[in-house]
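The primary structure of each chain is shown beneath.
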Amino acid sequence: MKVIKFILKFIVGCILSGMVVAIVGYFYYSQDLPDVVQLKDVRLQTPMQVLSSDGELIATFGERRRMPLKYDDMPPVLLNAVIATEDSRFYDHYGVDPVGILRAVYIGLKNHSFSQGGSTITQQVAKNFFLTPEKSIGRKIREMILAIRMEKELSKEEIIALYLNMINFGSRAYGVGSAAYTFFGKDAKDLTLSEAALLAGLPNAPSAYNPIYHPEKALQRRNWVLHRMLDQNFINQQEYEAAIADPLDVSYNVPQIAFSAPYVAEMARQFMYDKFGENAYTDGYKVYTTITKADQMAATNAITNNVINYDIRHGYRGPERTLWKANETAWDKEKIMSALGNYMCYNELCPAVVVDSNDTKATAITSDGEQITIPYEGVKWARAYINDSQQGPLPTTVSSVVKEGQQIWVRKNNNQWQLAQIPSINAALVSINADNGQIKALIGGFNYNISKFNRATQAIRQIGSTIKPFIYTAALDKGLTMSTMLNDAPIMRSNAGSEVWRPKNSPAVYQGPLRLRVGLSLSKNVMMVRALRAIGVNYAADYLERFGFPKDNISRHESLALGSASFTPLQVTRAYATIVNGGYLITPYLIERIDYSEGGTIYQHTPEIACHDCLVDLSYEKKDNTQAANLANVENAIQSTGSDEPEQSKLKAEDNMLLPSSDIKFENLINPDGTLAHPVDESKNNQSNYAPHVISSEVAFIMKDAMKSTVWGEPNGNWTATAWRSKALGRKDIGGKTGTTNASKDVWFAGFGANIVTVVWLGFDDHRRELGKARRDTLSDNSYISAEGGAVTANPVWNDYMKVALKDIPEQQDIKPASVIPVLIDRKTGLLAPQPGPDSIMEYFIEGTEPTKYPTTEVGTKVTDADGNTSELF
């Protein structure tokens, strides 16, 4: 009895001591443990998606691919497979399974290795969300405490849903939704028994059982899971045997990008990172941009084709490298493929190695192992590149251009392989909705993988003649009209005290006095300089700020008239939109809205809009002087400069009738580096979110109409405008302006159709390099050679894009302001026309600025002036 009593006391003592230890241990290890209730609102790490406005995927950012699913969206076959594999008593325990722990201890003692931890699914969730992966008794105790607490706060369904959404399945796939797509390219709800068993076996060792890299091990693991499901009565013998017989049909799948827009994606990524930091990549945001698939693809194709065409015109610069020479042993296919493994395709251009060439064709192996044939027609263009303005003769044989052992670039065009090369020139395109600033398409360069520098927003390049509409707008606001006569004659003197500067027309053709509309459409440089001198350099420079141009980039000397100032394509696009929309300075924006991964929109952009229907002028205050008075002053200034003496404007900026009110800011609407600037979480009142009105609607209407003349010229006019190539669009609501800087280092075309404004720029990243000259027909030695410029190089890009962008948009008629009147004028003098005829044309004027005199007429030997007085000629 004494022994029995001793044993009983010992047992009770052990139990009490254990209880004390357990209680003390519980309170000790419970310190600082997180509240498991937060798992009800847990945010799983989910990558950020960037999408077009029509919901097409552009890019994803984030290390972990995840597609969170709700419990009801998880197929029962998958749930059963996971429970059979990871925690067969899942529905019976309360977070910790003593049976499982004892089984793990037994197996560990038997095998002399504790490879199994006996953790339940609940414990694994606790560990992954709250604890470190360290292997220690303390961590295990904390894991158990958290698991028990979780079972009290969460349902079994919530726990297993958390587990299946957060667990790593390998190949960057986290969660069963992502794993189903990564390995099978399907939704989780469509998984078969065999596929569910495969996925259920991966979390134990994602790398070791990865079916892409270790198919045999993955197959063995899948079959073991199926056996467990059979033992647990989740499946019957027949289902087991059918699943065992299924082949391991896996492939690596990633979210399919609907179309390429890498510069847009990077702008969206930077926007999100600036706002949310690293959480931008893990919180599952869906970022909807303003671009559309159709417009962006049209922009990509327009840039790609025209940049390649430029490169073809200027000759072949030779192979990428030579792998072996004629007197050396040729490489085998395996070695060639290994060499090409370091290269990728850029747009339509792919690497290849020539393995044979003769007079009529060449044979090459591409980076994907395909053997291709390049006929003579595919290399005929490859004149030898001498310099940017000189190319050699047409090649006569294929082998004179490409030789065995050379690594080249190839392009498939019209089902025929052609020799190609990576262009050395670059380009940018920006297209926006002029009424609200919505960016419809944006290209920052020929290829993002070659250069990540975004030329659309970061390249500050000289604007050339593309600046002329803005300075002419300032001149109109000063009192000039589209019928004002300016002398298209060489300027022989510079201003007093300054170094000699003799601006010239390009081409150097001078036609004497011309109306301002004609001078704009023919891009007459000397007329532009005379207009600038009439209104004053400082006035024009200050006026440019109204269009959003950064003050520091505006040069304050007469070369400003010819575009010596430098701006980004985005800034130029915004400025042109101001003229097109009636004078409103809208702010371009790229992010339309941001959706949260759990549903709901956390940000909706409210754009500043051009308020065409506003009854109150938002930004101008009237002065006592009249536009007619301004007109008289400007005419006097022009007359005073007609002799080419040192020209100083007699007008001051405050003579202008319309001035911006004090509450309008013209700076910082676009950041100094050219990136977009707009708020994320500050919504504006939609009823008052109007863009500032920075130029009068009357001036904007007349200038917009004048830019249409740069495409269409004038009815019965005897001159061809610089942008005549855009007539191919067949729309009367288009207009624009070409731009070419000195030596053709930068070429531009800025234009509009309906309410869409698009700007195209091309040039070399090296500012010192000229675009040069080339034959217009690359396949003929008899074709003429011409210099690259805004009209011949940039305008075709614009045309190709706008054909698509305007496809479904009806032609639009501009609404004429009431104070703008049409007046019949004489073509030669700009004065009133006595009657309609071939020498007269209708011109728009702001009421009060129209001409009041008729031109002098000749009848025989008598001259009759406007007052009816006559005199003899001889």
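Residues numbered from 1 in each chain as written. Predicted model: local features only at pLDDT ≥ 70, side-chain atom pairs only at ≥ 80, totals over all residues. Heavy atoms only, no water.

**Considering the layout of surface pockets**
In plain terms, the rule: Of the grid points, spaced at 1 Å and generated over the protein atoms alone, those admitting a 1.4 Å probe that cannot get out make up cavities, while open sets with protein on both sides within 12 Å along at least five of seven lines make up pockets; any residue with an atom within 4 Å of a point is treated as lining. Grid points are joined across faces, edges and corners, and a volume is the space filled by probe spheres set on the points. By the criteria applied, helices consist of DSSP H or I runs no shorter than four residues and strands consist of E runs no shorter than two, each listed in order from the N terminus. All amino acids are sorted into three groups, where Ala, Val, Leu, Ile, Met, Phe, Trp, Tyr, Cys and Pro are nonpolar, Asp, Glu, Lys and Arg are charged, and the leftover types, Gly among them, are polar.
When its volume is computed, the second largest pocket comes out at roughly 1100 Å³. Residue lining of the second largest pocket: 43 residues in total, with Asn-505, Ser-506, Pro-507, Asn-525 and Thr-740 positioned closest to the centre. Where the lining of the second largest pocket is concerned, the elements lending two or more residues are strand 24 (734-740) and helix 21 (790-805). It is strand 24 that contributes the most residues to the lining of the second largest pocket, four residues altogether. Split by residue class, the lining of the second largest pocket holds 13 nonpolar, 22 polar and eight charged.

**Digging into the pairing of strand 7 (residues 350-357)**
In plain terms, the rule: We call a residue buried when its accessible area falls under 20% of the maximum for its residue type, exposed when it is over 50%, and partly exposed in between, using a 1.4 Å probe and counting protein chains only. Strands were regarded as paired on the criterion that DSSP finds at least two bridges between them.
The element strand 7 is largely enclosed, with a buried count of six among its eight residues. As judged from the four bridges shared by strand 7 and strand 12 (residues 406-413), these two strands associate in the antiparallel manner. Paired with Pro-351 across the strands is Trp-409, a residue of strand 12. Relative to strand 8 (residues 361-366), strand 7 is paired through five bridges, and the arrangement is antiparallel. Of the residues in strand 8, the one forming a bridge with Ala-352 is Thr-366. Hairpin geometry of strand 7 and strand 8 is characterised by an intervening segment of three residues between the two adjacent antiparallel strands.

**As for unusual backbone geometry**
The amide bond that connects Ser-506 to the next residue, Pro-507, takes the cis arrangement and shows omega of 0°. Looking at where Pro-507 falls in the secondary structure, it is placed in the loop between strand 17 (485-488) and strand 18 (512-515). Here Ala-743, not a glycine, exhibits a phi torsion of approximately 60°, which is positive. Following the sequence through the fold, Ala-743 ends up in the loop between strand 24 and strand 25 (746-753). Ala-743 gets classed as partly exposed once you look at its relative accessible area, which sits at 40%. Phi is positive for Ser-744, which is not a glycine, with a value near 55°. Relative to the helices and strands, Ser-744 is located in the loop between strand 24 and strand 25.

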